[in-house]
Structure formats: C-alpha cells, structure tokens
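So you can see what is in the structure, the chains are spelled out below.
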Amino acid sequence: EPPHDDNNPNNNHNSTALQNAYKTIHKSSLIAIFSSLIIYTITAICVSLFTRGLKDEVIALIVGSSKFVASVIVFILSAKFPQWIGVYHEGAIRLAKCSSNLSIHFMNIDLSNDQSITKLRHHVLLGVTFHFAKFYILLLPFYCGVRPITIPFSILTGSITGFVLMWCIFLIHERNRNRRNIVAFVVIFICSVMSSLLFVRGMAWIQEIWNLTLM
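This one's a predicted model, so the numbers in the text were calculated from it and none came from an experiment.

Rules used throughout
- Residues numbered from 1 in each chain as written.
- Predicted model: local features only at pLDDT ≥ 70, side-chain atom pairs only at ≥ 80, totals over all residues.
- Heavy atoms only, no water.
- Core = buried A, V, L, I, M, F, W, Y, C linked by side-chain atoms within 4.5 Å.
- Buried < 20%, exposed > 50% of the residue type's maximum accessible area, 1.4 Å probe, protein only.
- Helix = DSSP H or I, 4+ residues; strand = E, 2+ residues; numbered from the N terminus.
- Contact = heavy atoms within 4.5 Å.
- pLDDT = per-residue confidence, 0-100.
- Phe/Tyr/Trp six-rings, centres within 6.5 Å; stacked < 30°, edge-to-face > 60°.

*Asks:* Explain the nonpolar core to me, using residue names and the numbers behind them.
*Replies:* By size, the foremost hydrophobic cluster in this structure holds eight residues: Val74, Phe81, Ile85, Ile169, Ile172, Ala184, Val187 and Cys191. Elements represented by at least two residues in this core include exactly helix 2 (56–84), helix 4 (150–175) and helix 5 (180–210). If one sorts the elements of this core by residue count, helix 5 sits on top with three residues. Excluding residues within four positions of it along the chain, alanine 184 makes contact with Pro82, Ile85 and Val87.

*Asks:* Provide a residue-level description of the confidence of the model for the protein, including the pertinent values.
*Replies:* Overall, the predicted model of the protein reaches an average pLDDT of 77, with 80% of residues at or above 70. Confidence scores differ between elements of the protein, with helix 4 showing the lowest mean pLDDT of 81 and helix 5 the highest of 86.

*Asks:* Could you give me a rundown of the packing of aromatic side chains, with the residues and numbers involved?
*Replies:* By the definition in use, this model includes three aromatic pairs. Ring centres of tyrosine 40 and tyrosine 136 lie 5.6 Å apart, and the angle between their planes is 70°; this geometry places the pair in the edge-to-face category. Taken together, the residues span a long stretch of sequence, with tyrosine 40 in helix 1 (residues 16–50) and tyrosine 136 in the loop between helix 3 (114–133) and helix 4 at a distance of 96 residues. Take tyrosine 40: its relative accessible area is 12%, and that puts it in the buried class. Ring geometry for phenylalanine 68 and phenylalanine 199: centres 5.3 Å apart, planes at 40°, overall tilted. Here phenylalanine 68, found in helix 2, pairs with phenylalanine 199, found in helix 5; they are 131 residues apart in sequence, far enough to count as distant. Residue class for phenylalanine 68 comes out partly exposed when judged on its relative accessible area of 24%. The partly exposed category is assigned to phenylalanine 199, whose relative accessible area is 43%. Each member of the aromatic cluster is reached from another via a ring pair, and the members are Tyr40, Phe132 and Tyr136.

If you want it as structure tokens, here you go:
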C-alpha cells in the first residue's frame, strides 16, 4: 500500500478539508432542493389562482394533457430504473439524462483552496437546480384549478415517494445485486402498464371535449 500523504489533496479522504467539502455539498444540495420546492409551490399557487372558473372543455383538455405528461414521465422511469440499479449504463442514446457536465470539473480538486470550495458550492447549487428546472414547464398543467390542499399534499407525497424510490435503489444496488434483473423486469412491467393506463385516461378526457366514440 502506498504511503499516505496528508499534503496531497487527492489522498485526504479522512481529512478535515474533505469533511468540509462533503458538508458543502450537502448544504448546497439542501438549499437548492428547498429553494426549488419554494419556487414550485409559488408557481402552483399562482397558476391555480389564475385558472379558477375555467370552462369544462378547458378543464378536460388540461387534465387530458396532464395525463399524457404523466404517461411520458412514467415511461421514462421504466427506462431509467434499470440503469439506476446497475443493470446497464448510460449509453450514447439518452432518453433522459440523469447527470450534468458540472461534476467532471471536480474529479481532481484541491480541497485546501477556498476558491475551489466556493466554486464547488456554486456548481452544486446550479446542478441540483438544473435537475428541478427540467420538469418545471411540464408540470404546469397539473396546477390548473387545483384546490389549495392539493399543493402541499402533492409536495409531501412526491417527496416521500422520491425518498422511498432512492432507498429502494440503494438497497437493490448495494445489497441485493443478484436480484436486480428480476426487480428491473417487474418495475418495467408495472411502469409500462401504468404509462399505458395514463395515456388511455388522457384520451378519455380529450374525448369529452369533442364527444367522440374513440374508446
């Protein structure tokens, strides 16, 4: 084993500087997450208030479009979940990119340099916020005409679902790697069925607008 050099920034895994870098990443991530949730909440409140009293045809169109968006998101989830648990890696053809190019600038970083830590903090804030921003426009139809209780309930439900999903991914990826293929097939099947049902429900709502016999 090579000797450990505390003066080398690449070998200070147990140093105070590395712990401070981890704290910077965690703090910056939390700030970006809560800031993004606040922006989403304010947007949802504004959209819901300004879309009160819409005609039934408009409501049906909005709900139908929302079902289509949800169908696409669930379909993307069915494609990305096997990658998250390590069944395959991200290739040249990307359905939805899970990482940003910001992290490559910090493969080798001098943790003793305050400017590098400041740059790391800004890039973490930007990277996490970017991931939240990707779905900002897509989620706008879900806010139209909703009741006030729907907004905090949706945020709470989404947060719990997200953390449960991350926990399941960690559990499968780190402790049950021999079962990840079976889990991937089950998740793909369930998400595919859910995506199809959401698409059909979207068509049913659109049908209400023109009163066509499509189903």
